[in-house]
Amino acid sequence: MSATGNTGRALPWALVTPALGWTLLFFVLPFLAMALSSLTAHDGGGFTLSNYSQFFNNPAYWQAMVNSLQVTAIVTLISVLLAYPFAWILAEQVPERWQRLALMLAVLPFWTSYVVRSYSWLLVLAQNGVINRALTGSGLFSEPLQLANTRLATIIGFVHFFVMLLTLTIFANLKQLSPSYRKAAADLGAGPVRTLLHVVLPLTLPGIMVGAFLTFVLCIGDYITPQILGGNNELLMPQLVMMQIGRRGDFPLASALSIILMAVVTIAYLACARWLKIERA
């Protein structure tokens, strides 16, 4: 066997080894440590499944999961409904020479700290914030509304961030769509609405699903926004996990809850796996 052949086979492994090492060190090993921790007792005993049984037997823990799924589903749905028209306008209505500037303006929220954005919304939604001042000043309401420290505030904060994320994925899919599809639909007698519903929308479904899945993953595991905007008035899974660590020091139970949350994300991935690929048209 020639030295050239050995070098040719070794080069791909040499290139991929840093990425494999990084994944092993910062994902696989921590995950295994968390999985082992979830199977140990809080008092330092042997292996046990009691941490998982606590989740299934405690109604408060179940409710935290239900709350997380409800908030995530609402945020994902609203974000898709807002992002698709926005992405379509950017891709179809904005002239090509202005699209880069429009995209830059669209992603400006990403340039601001996540914590800063959450606190900014808290100030806007507060009882003496901009919205309540406008409502009471116009005479529509005599008393300020309770907007901050609610589920509504959490949803607003999430949507503000994830609409832009979805817009980018849908915009990329729309730009990959060949104009010949629209021309063919027009030749067959389809109007703009029918072309959008029966041609453009199905072909851009992968972009929608990719953005929706990313929204689902980031939203269901987020701790900052519900903590700041929700005001601890509604318990979500990330808050429940942090509560076990911060208040009880129960790392095994926190690990078990995290594993369960990862299992939910995995189920969501398997449910949408067939669409999680953007193909070039």
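Computed from a predicted structure; not experimentally measured.

A few words on the overall build of the protein. On a plain count of helices and strands, the protein comes out with 13 helices and 0 strands. For the protein, the C-alpha radius of gyration of 24 Å lies well beyond 19 Å, the compact-globule estimate for 281 residues. Taking the principal axes of the C-alpha coordinates as reference, the protein spans close to 85 × 70 × 35 Å. In the protein, which comprises 281 residues, the share counted as buried stands at 36%. Across the protein, every contact between residues at least 6 apart in sequence was considered, and the portion connecting residues at least 24 apart equals 72%. The protein carries 15 positive and 9 negative side-chain charges, and their two centres are separated by 10 Å.

As recorded in UniProt, the sites labelled "domain: ABC transmembrane type-1" (unreviewed entry) are residues 65-272. Helix and strand shares over residues 65-272 are 77% and 0% respectively, and the end C-alpha atoms of the span are 20 Å apart.

Overall, the coordinates contain 0 disulfides when judged by the stated rule. C219 takes part in no disulfide bond, and the closest cysteine sulfur to it belongs to C272, at a distance of 14 Å. C219 gets classed as buried once you look at its relative accessible area, which sits at 4%.

This part takes up unusual backbone geometry. One non-glycine residue with positive phi stands out, namely N149, at about 60°. Position of N149 relative to the elements: it lies in the loop between α6 (130-137) and α7 (151-176).

Here the focus is a nonpolar patch on the surface. There is a patch of nonpolar side chains on the surface, built from W22, L24, L25, F26, F27, V28, L29, F31, L32 and M262 and spanning about 960 Å² of accessible area. Top contributing element to the nonpolar patch by residue count: helix α1 (residues 3-38), with 9 residues. Note on W22: relative accessible area 58%, which makes it exposed.

The residues that UniProt annotates with the feature "transmembrane region" (unreviewed entry) are residues 12-40, 60-89, 101-122, 152-174, 195-224 and 251-272. Helix makes up 100% of residues 60-89 and strand makes up 0%, while its end C-alpha atoms are separated by 44 Å. Strand forms 0% of residues 195-224 and helix 87%; the C-alpha atoms that close the span are 41 Å apart.

Once that is clear, we can look at the packing of aromatic side chains. Taken as a whole and assessed by the stated rule, the structure comprises 9 aromatic pairs. With centroids separated by 6.2 Å and ring planes inclined at 15°, the aromatic side chains of F27 and F31 adopt a geometry described as stacked. Separated by 4 residues within a single helix, F27 and F31 lie in helix α1, roughly one turn from each other. Residue F27 is classed as partly exposed on the basis of its relative accessible area, which comes to 49%. Of the aromatic side chains, those joined through ring pairs into one cluster are Y114, F158, F161 and F162.

It is worth spelling out the nonpolar core at this point. Counting residues in each nonpolar core, the largest one holds 30 residues, and the members touching the most others are V75, F162, I170 and L174. Mapped onto this core, the elements with two or more residues apiece are α3 (59-93), α4 (96-106), α7 and α10 (205-220). When residues in this core are grouped by element, the largest group, 12 residues, is from α7. With residues near it in sequence (within four places) discarded, V75 still touches I155, F158, V159, F162, T215 and C219. Grouped together as the second largest cluster of nonpolar side chains are 21 residues, F213, I220, L253 and V264 included.

Now for the packing of helix α8 (residues 179-187) against helix α9 (residues 192-203). Interaxial distance between α8 and α9 falls to 10 Å at its minimum, and their mutual angle equals 155°. Here α8 lies roughly antiparallel to α9, going by the angle between them. As for the relative orientation of α8 and α9, their crossing is right-handed in sense. In this structure, α8 uses Y181, R182 and A185 to contact α9, whose residues at the interface are T195, V199, V200 and L203. When grouped by side-chain class, the residues that make up the contact of α8 with α9 number 5 nonpolar, 1 polar and 1 charged.

Definitions and limits used
Residues numbered from 1 in each chain as written. Predicted model: local features only at pLDDT ≥ 70, side-chain atom pairs only at ≥ 80, totals over all residues. Heavy atoms only, no water. Helix = DSSP H or I, 4+ residues; strand = E, 2+ residues; numbered from the N terminus. Rg over C-alpha atoms; globule rule 2.2 N^0.38 Å. Buried < 20%, exposed > 50% of the residue type's maximum accessible area, 1.4 Å probe, protein only. Contact = heavy atoms within 4.5 Å. Lys, Arg positive; Asp, Glu negative; His and termini not counted. Charge placed at Lys NZ, Arg CZ, Asp CG, Glu CD. UniProt positions renumbered as here; feature names shortened; annotations may be inferred. Disulfide = S-S within 2.5 Å. Patch = residues over 30% accessible without salt bridge, like charges linked within 9 Å, V, L, I, M, F, W, Y side chains within 5 Å. Areas by Shrake-Rupley, 256 points an atom, 1.4 Å probe, with all protein chains shown as cover. Salt bridge = Lys/Arg side-chain N within 4 Å of Asp/Glu carboxyl O. Phe/Tyr/Trp six-rings, centres within 6.5 Å; stacked < 30°, edge-to-face > 60°. Core = buried A, V, L, I, M, F, W, Y, C linked by side-chain atoms within 4.5 Å. Axes fitted to C-alpha atoms, helices over the stretch in contact; angles between N-to-C directions. Parallel < 35°, antiparallel > 145°, perpendicular 65-115°, else oblique. Left-handed = near helix turned anticlockwise from the far one by under 90°. Nonpolar A, V, L, I, M, F, W, Y, C, P; charged D, E, K, R; others polar.

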